[in-house]
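Coordinates in review
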Amino acid sequence: MLKDFYVGENSGKFSEEDKKFYEVLEQSMIIMECTRCLDPSETTAQEKPLLLNLETQDLLVFRPKQQDFQAMKERLVKEIEIRLMKKCFSVLCYLHPEYMGDSDVLKCAKSSKLPEMLRELKEKVLRENCKLKEQTATLERLSFMYSMVLLNCLSVLHKLARDCRLKVQSEVDQIKTQYLESKCSATFLKLRKEELEILLNTYTPEKIQVHRKIRDTLNEMVAKEEQEKATVSKNVSAYMVLGKEFEELVNEYKHLRLEIENKKWALQEFMKSYE
């Protein structure tokens, strides 16, 4: 009740009388709580504590006026009755939605059967809970049994797969090796076929014959050059034995060759100018 008052206090829907009622109610509840804290022996088996040297009589000065307190008690009973009735109507309409359109008088009359309905509902919920617990226990037991069966099945399958694999693995490897060898041979033959097709499409028999003659001629020329290279290398090796004398002869030969080239060029220029 106080929460509803705090929430709608500033909305303007409460009159001064309502505010006075809630203020007296709040004050009375605070004094009651403080009294319980100072002397809990009235509601519990605890001994009376000593709190700030206060006694319950010290709180009497904060009690509301007797007239206000009495008015609050009378209205509190009515408010509680109204709220309890609304709660009963809410529960009734929840159990039987078809009663929502009925009047309050009819709902009040039908609420007389509410305890019996709630008792039956509670018994039904308890029965369903018991049944659910039994089903849960059964499900857990079956789940455990099925798990063990599945584990055993997996173990058997693993053993069978391992044994079968050891027996047939060698045969499978041999077949796979033969397949790969055949595939490689087929690939090489296909490449050779493609190479021959490219050569056939590129060169005619006449061109191939000419190319063969050119290759033979080039091979002969290469052989002659190799032979000449070998002879020159032999002569150079013989001259290399001379040491510095050979280097001097080479330098002199270069100088003579250069002079000859210069004189040839000068003679050519002279002949051009003479003509």
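Just above, that's the structure.
Quick look at the structure, then. Not measured: the values here are computed from a predicted model.

**A short note on the overall build of the chain**
From N to C terminus, the chain includes seven helices and zero strands. In sequence order, the chain lays out its α and β elements as α-α-α-α-α-α-α. Burial statistics for the chain: of 275 residues in total, 11% are counted as buried. Within the chain, counting contacts between residues at least 6 apart in sequence, those at least 24 apart form 42% of the total. Carbon and sulfur atoms make up 61% of the accessible area of the chain, which totals about 24500 Å².

**Here we look at the pattern of salt bridges**
Following the criterion strictly, the structure yields two salt bridges and no others. Close ionic contact of R192 with E195 constitutes a salt bridge, the shortest N to O distance being 3.3 Å. Residue R192 and its partner E195 are both found in helix α5 (residues 114-202); the two are separated by three residues, about one turn of the helix. A relative accessible area of 44% means that R192 is categorised as partly exposed. The salt bridge involving E197 is made with K193; its shortest N-O contact spans 2.7 Å. Of this pair, E197 and K193 both sit in helix α5, four residues apart, which is roughly one turn of the helix.

**Overview of the nonpolar core**
If you look at the biggest cluster of nonpolar residues, it comprises five residues: F21, Y22, V24, L25 and M72. Broken down by element, the residue count for this core peaks at four residues, all from helix α2 (residues 16-38).

**What about a nonpolar patch on the surface?**
A contiguous nonpolar surface patch, about 1000 Å² in accessible area, is contributed by L142, F144, M145, Y146, M148, L151, L154, V156, L157 and L160. Mapped onto the secondary structure, L157 falls in helix α5.

**Remarks on a negative patch on the surface**
A contiguous patch of negative charge on the surface is contributed by E245, E247, E248 and E252. Mapping E248 onto the fold places it in helix α7 (residues 244-274). Take E248: its relative accessible area is 54%, and that puts it in the exposed class.

Definitions and cut-offs
- Residues numbered from 1 in each chain as written.
- Predicted model: local features only at pLDDT ≥ 70, side-chain atom pairs only at ≥ 80, totals over all residues.
- Heavy atoms only, no water.
- Helix = DSSP H or I, 4+ residues; strand = E, 2+ residues; numbered from the N terminus.
- Buried < 20%, exposed > 50% of the residue type's maximum accessible area, 1.4 Å probe, protein only.
- Contact = heavy atoms within 4.5 Å.
- Areas by Shrake-Rupley, 256 points an atom, 1.4 Å probe, with all protein chains shown as cover.
- Salt bridge = Lys/Arg side-chain N within 4 Å of Asp/Glu carboxyl O.
- Core = buried A, V, L, I, M, F, W, Y, C linked by side-chain atoms within 4.5 Å.
- Patch = residues over 30% accessible without salt bridge, like charges linked within 9 Å, V, L, I, M, F, W, Y side chains within 5 Å.
- Lys, Arg positive; Asp, Glu negative; His and termini not counted.
- Charge placed at Lys NZ, Arg CZ, Asp CG, Glu CD.

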